[in-house]
Amino acid sequence: LWMVQAHEERRDATARLLKEHRIQQTADQLHNTLVIMEAEMRGMALAELSRPLASAAETARHGASTRRDLNRLLDRGSQATHQLIAALADLVQENPDQVGRVRRLEDLADRRLVLLRRMVSESARPERQGRMASLVLQGDSIMSWFRRELAEFRRAEERLMEYQTLELRGEENSSLVVLWVGVALALLG
């Protein structure tokens, strides 16, 4: 009976440890999704700015096409971001502190996505191009807050992972003691 219990405890501890790895992986994917999406948007915007000047009609037509591409990119990135946030929320649902952090991450991600959309719409209005610098600075500030919140989220998960690793090692030691006691009893019996 002790052996069965020890095995079940070890299995449960291993499952918790694997879950912590999935949480860390999902958090990394969330961060990477936002960074890659932003980098792609900046790249497309820079390519648009570096295009040689053409006729007004061609510039308007190409600008509209670029904005459609940027909006599609934002739609895909937004969908991926929300899926990852939902997965993260599901993984940490038993930890109220982490649930709160996921909500804050979601809020910051949403704020960043809104600013990126505003940047796309502002790019359509040449008279508002000066506002872009302000939007970029606001976006950088939000991403800094996002990174800080994500770092705190990761630290909390790492502490939990360390605790669970120690717990697993303790259960392994208990299993060995039970095994040796069983062997000793068998030899004496």
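As the structure is a computational prediction, the values presented were derived from the model and not from experiment.

**Q** Give me the overall build of the chain: which residues, what numbers.
**A** Each helix and strand in the chain was counted, giving four helices and zero strands. From first element to last, N terminus to C terminus, the chain shows the α and β order α-α-α-α. Out of the 189 residues in the chain, the part that is buried amounts to 32%. Across the chain, every contact between residues at least 6 apart in sequence was considered, and the portion connecting residues at least 24 apart equals 78%. Of the roughly 11,800 Å² that the chain leaves accessible, carbon and sulfur atoms contribute 59%.

**Q** Give me the lowdown on the layout of surface pockets, citing residues and values where you can.
**A** For the second largest pocket, the calculated volume is near 170 Å³. Contributing to the lining of the second largest pocket are Arg16, Lys19, Glu20, Ile23, Leu91, Val92, Gln93, Glu94, Asn95, Glu157, Leu160 and Gln164. For the lining of the second largest pocket, the secondary structure elements donating two or more residues are α1 (2-50) and α4 (131-188). Counted by class, the lining of the second largest pocket contains four nonpolar, three polar and five charged residues.

**Q** Tell me about the pattern of salt bridges, and please be specific about residues and values.
**A** Enumeration over the complete set of coordinates arrives at ten salt bridges. One salt bridge connects Glu149 with Arg104, and the closest N-O pair in it is separated by 3.1 Å. One end of the pair, Glu149, is in helix α4; the other, Arg104, is in helix α3 (residues 96-123), with 45 residues separating them in the sequence. Glu149 gets classed as buried once you look at its relative accessible area, which sits at 16%. Within this structure, Arg101, Glu152, Arg155 and Arg159 form a network of salt bridges that share partners.

**Q** Break down the environment of Val136 for me, citing the residues and quoting the values.
**A** Note on placement: Val136 falls in helix α4. The partly exposed category is assigned to Val136, whose relative accessible area is 24%. Residues Val136 and Leu115, 21 residues apart in the sequence, show an inter-C-alpha distance of 8.2 Å. In this structure Val136 touches Arg42 and Met119, once residues within four positions along its chain are discounted.

**Q** With reference to specific residues and values, describe the nonpolar core.
**A** Soluble globular proteins tend to bury their nonpolar side chains together. Within the largest apolar cluster, 31 residues are counted, with the highest numbers of intra-cluster contacts made by Met37, Met41, Leu74, Leu88, Phe146 and Phe153. Of all the secondary structure elements, the ones that give two or more residues to this core are α1, α2 (56-91), α3 and α4. The element contributing the most residues to this core is α3, with ten residues. With residues up to four places along the chain from it excluded, the contact list for Leu88 reads Ile23, Thr26, Ala27, Leu30, Val102, Leu105 and Phe153.

**Q** Hey, could you go over the confidence of the model for the chain for me, with residue numbers and the actual values?
**A** With 72% of its residues at a pLDDT of at least 70, the chain reaches an overall mean of 80. Within the chain, the element-level pLDDT minimum falls on α4, averaging 78, and the maximum on α3, averaging 90.

**Q** Go over the packing of aromatic side chains, please, and point to the residues and values.
**A** In this structure the tally under the stated criterion is zero aromatic pairs. Geometry around Trp145 places Arg148 over its ring, the cationic atom sitting 4.4 Å from the centre.

**Q** Report on the environment of Val35, specifying residues and quantitative values.
**A** Among the secondary structure elements, Val35 is positioned in helix α1. Distance from Val35 to Met143, taken between C-alpha atoms, is 8.7 Å for residues 108 residues apart in sequence.

**Q** Break down the side chain of Glu20 for me, citing the residues and quoting the values.
**A** In this structure, Glu20 sits in helix α1. Salt bridges are absent for the buried Glu20, whose nearest opposite-charge side chain, Lys19, sits at 6.4 Å.

Rules used in this analysis
Residues numbered from 1 in each chain as written. Predicted model: local features only at pLDDT ≥ 70, side-chain atom pairs only at ≥ 80, totals over all residues. Heavy atoms only, no water. Helix = DSSP H or I, 4+ residues; strand = E, 2+ residues; numbered from the N terminus. Buried < 20%, exposed > 50% of the residue type's maximum accessible area, 1.4 Å probe, protein only. Contact = heavy atoms within 4.5 Å. Areas by Shrake-Rupley, 256 points an atom, 1.4 Å probe, with all protein chains shown as cover. 1 Å grid on protein atoms, 1.4 Å probe; cavity = no way out; pocket = protein on both sides within 12 Å on 5 of 7 lines; lining within 4 Å. Points joined across faces, edges and corners; volume = space filled by probe spheres on them. Nonpolar A, V, L, I, M, F, W, Y, C, P; charged D, E, K, R; others polar. Salt bridge = Lys/Arg side-chain N within 4 Å of Asp/Glu carboxyl O. Core = buried A, V, L, I, M, F, W, Y, C linked by side-chain atoms within 4.5 Å. pLDDT = per-residue confidence, 0-100. Phe/Tyr/Trp six-rings, centres within 6.5 Å; stacked < 30°, edge-to-face > 60°. Lys NZ or Arg CZ within 6 Å of the ring centre and 35° of its normal. Lys, Arg positive; Asp, Glu negative; His and termini not counted.

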